[in-house]
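Below, each chain spelled out in residue letters.
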Amino acid sequence: MSEEFILCEGLVKIYQVADLEMVALQGLHFTVDKGELVGIVGASGSGKSTLMNILGGLDRPTAGRVRVGGNDLLKMPDRQLNKYRREEVGFVWQQSTRNLVPYLNAVQNVILPMTLAGLTGLQKKRRAEELLEIVGLADRMHHHLPELSGGEQQRVAIAVALANHPSLLLADEPTGEVDSETAKTIYRTFQTLTRELGFTTLIVSHDPGIARHVDRVVAIRDGMLASETIRQSVSTEMNANGDATGAEEAHEDQYAELVVLDRAGRVHVPQEYLEHFDIRGRAQLEITEDGILIRPAVQTQTAQVKVNGDSADASKRLPPRPQQPVPETKGVRKLLGRFSRKK
Ligand code: ADP
Ligand code: MG
């Protein structure tokens with residue numbers, strides 16, 4: 001049985017900048033099981049770092065519920081929140097300079113947070129060496145940072161994040177400044193930590209290919225969870241001629257991007273889909289054999305046209321027929337393609 005380790009419900013974060021209110025998270029629902037490795041993707045400014053900062057106890061939400069491993073991060077007093085951040089969370093940031101001290105060598109960097117936490121003695125060095133071995137840097141322990149590659153520095157940063165036995169690992173674009181091969185070794189390191197050592201890990205990434213490296217990818221749009229990409233292992237029969245003795249099954253990973261419904265049944269429909277079908281304000285929901293169809297509210301549009309008295313424009317506003325090719329919007333074409341392939 002899996003156990004819910006992170007629970008965000010209706011999470012809201014509003015930043016006050018001068019007289020303006022900046023809504024970074026608007027009612028986000030998100031859960032993560034213990035031991036899961038989750039990727040978080042989304043456009044710049046969608047609220048990914050805000051979510052990481054809240055889960056890491058660096059920032060407080062404005063409203064909603066947020067619990068991590070039984071800690072209520074909204075209600076917890078400051079002193080306890082600081083303790084939570086120091087003891088339960090390991091951070092890995094995009095710039096290795098934010099994670100590491102440049103004039104110390106790898107092992108000294110990993111020892112530093114233990115010293116800050118008040119640990120003494122030989123134990124620290126042993127643990128630091130152990131952690132560097134875990135992240136695959138056994139032969140680089142005494143190198144100084146400038147002697148290490150970008151990927152190696154990020155792996156030292158991961159070891160630093162683990163120094164104080166956290167239960168939650170948060171990485172905010174850890175592969176943002178490395179090439180794709182190096183990114184793979186970083187992902188592999190996170191996989192080892194999650195699978196073999198039982199960490200719960202969230203990785204924010206710009207890389208759409210992250211789905212191949214994690215258990216699940218969630219996409220954030222406008223401060224809300226919009227979709228999840230999950231891996232489905234599909235078995236295909238190698239031998240199609242029905243020869244039972246020769247039939248062999250092959251497993252192939254496929255990725256399905258699924259829209260997320262919150263507990264109230266709300267979904268976030270991508271803006272480009274709405275624009276393409278000219279759906280604004282209201283829509284018609286239709287039950288079909290396969291599911292639920294969202295159509296533009298035709299009557300509302302007619303009324304609108306009448307008010308404008310602009311009949312020439314009316315045809316443009318009418319929804320296109322479902323079979324019509326829609327070359328303008330890549331996302332919609334992809335969506336329609338997916339639907340027609342199913343049939
Ligand atoms: P992402 O990490 O997905 O790029 P962020 O979480 O950093 O997005 O930001 C989400 C939104 O909140 C953005 O519009 C950003 O400008 C705003 N924001 C983030 N941090 C602050 C802050 N400290 N003060 C004011 N606005 C902020
Ligand atoms: Mg960010």
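Remember, it's a predicted structure, so these values are computed and weren't measured experimentally.

Draft legend 1. Broad picture of the nonpolar core. Residues Val 110, Leu 132, Val 156, Ile 158, Phe 190 and Ile 203 are the most contacted members of the largest nonpolar core, which totals 40 residues. Elements with a minimum of two residues in this core: β3 (37–41), α4 (106–116), α5 (122–134), α6 (150–162), β7 (168–172), α7 (180–197) and β9 (216–221). Considering every element that reaches this core, the biggest residue donor is α6, with 7 residues. Not counting residues within four places of it along the chain, the set of residues in contact with Ile 158 comprises Val 92, Val 135, Ile 186, Thr 189, Phe 190 and Leu 193.

Draft legend 2. Broad picture of the packing of aromatic side chains. A complete count under the given rule lists 1 aromatic pair for this structure. Centre to centre, the rings of Phe 91 and Trp 93 are 4.9 Å apart; their planes meet at 5°, and the pair counts as stacked. The exposure class assigned to Phe 91 is buried, which follows from its relative accessible area of 17%.

Draft legend 3. Focus on the sheet that holds strand β1 (residues 4–17). With respect to topology, 4 strands assemble into an open sheet ordered β2-β1-β4-β5, the strand pairing being antiparallel. Taken across any chain shown, the strands that pair with only one partner, and hence form the sheet edges, are β2 (20–33) and β5 (71–72). Bridge count between strand β4 (residues 63–68) and β5: 2 bridges; the pairing is antiparallel. The partner of Arg 67 across the bridge, within β5, is Asp 72.

Draft legend 4. Structural detail: the side chain of Arg 155. Structurally, Arg 155 can be placed in helix α6. Although Arg 155 is buried, it forms no salt bridge, and the closest oppositely charged side chain is Glu 152 at an N-O distance of 4.8 Å. Residue contacts for Arg 155: discarding those within four places in its chain leaves Val 135, Gly 136, Leu 137 and Thr 189.

Draft legend 5. Quick peek at the side chain of Thr 201. Relative to the helices and strands, Thr 201 resides in strand β8 (residues 200–204). With a relative accessible area of 0%, Thr 201 lands in the buried category. Of the polar contacts made by the side chain of Thr 201, one reaches the side chain of Thr 194; its length is 3.2 Å.

Draft legend 6. Up close: the pairing of β7. Where burial is concerned, most of β7 is hidden: 5 out of the 5 residues are buried. Both faces of β7 are covered, namely the face carrying Leu 168, Leu 170 and Asp 172 and the face carrying Leu 169 and Ala 171. Pairing of strand β6 (residues 89–92) with β7 involves 4 bridges; the strand directions are parallel. What sits directly across from Phe 91, in β7, is Leu 170. Taken together, the 5 bridges between β7 and β8 define a ladder with parallel strand orientation. Note that in β8 the partner of Leu 169 across the bridge is Thr 201. The β-α-β motif built from β7, the intervening α7 and the parallel element β8 has right-handed crossover chirality.

Draft legend 7. Structural context of the pattern of salt bridges. Taken as a whole and assessed by the stated rule, the structure comprises 15 salt bridges. In this structure, Lys 83 and Glu 87 form a salt bridge, with 3.1 Å as the shortest nitrogen-oxygen distance. With Lys 83 and Glu 87 both in helix α2 (residues 78–88) and 4 residues apart, the pair spans about one turn of that helix. Glu 152 is the salt-bridge partner of Arg 140, the closest N and O atoms lying 3.0 Å from each other. Of this pair, Arg 140 sits in the loop between α5 and α6 while Glu 152 sits in helix α6, placing them 12 residues apart in sequence. Its relative accessible area of 26% is what places Arg 140 among the partly exposed residues. The class for Glu 152 is buried, based on a relative accessible area of 12%. Among the charged side chains, a salt-bridge network with shared partners connects Glu 36, Arg 216 and Glu 228.

Draft legend 8. Molecular detail of the site of ligand 1. Around ligand 1, the surrounding shell consists of Tyr 15, Val 17, Met 22, Ala 24, Ala 43, Ser 44, Gly 45, Ser 46, Gly 47, Lys 48, Ser 49 and Thr 50. Here Ser 46 contributes a backbone N or O atom positioned 3.2 Å from an oxygen atom of ligand 1. Interatomic distance of 2.8 Å between a side-chain N/O atom of Lys 48 and an oxygen atom of ligand 1. In isolation ligand 1 has 560 Å² of accessible area, and contact with the protein removes 64% of it. Ranked by the residues each element gives to the shell around ligand 1, the list is headed by helix α1 (residues 48–55), at 3 residues.

What counts, and where the lines are drawn
- Residues numbered from 1 in each chain as written.
- Chains lettered and ligands numbered in written order.
- Predicted model: local features only at pLDDT ≥ 70, side-chain atom pairs only at ≥ 80, totals over all residues.
- Heavy atoms only, no water.
- Core = buried A, V, L, I, M, F, W, Y, C linked by side-chain atoms within 4.5 Å.
- Buried < 20%, exposed > 50% of the residue type's maximum accessible area, 1.4 Å probe, protein only.
- Helix = DSSP H or I, 4+ residues; strand = E, 2+ residues; numbered from the N terminus.
- Contact = heavy atoms within 4.5 Å.
- Phe/Tyr/Trp six-rings, centres within 6.5 Å; stacked < 30°, edge-to-face > 60°.
- Pairing = 2+ DSSP bridges.
- Lys, Arg positive; Asp, Glu negative; His and termini not counted.
- Salt bridge = Lys/Arg side-chain N within 4 Å of Asp/Glu carboxyl O.
- Polar contact = N/O pair within 3.5 Å; in protein donor to acceptor, adjacent residues only side chain to side chain.
- Right-handed = clockwise from strand over helix to strand, strands pointing away.
- Near = heavy atom within 4 Å.
- Areas by Shrake-Rupley, 256 points an atom, 1.4 Å probe, with all protein chains shown as cover.

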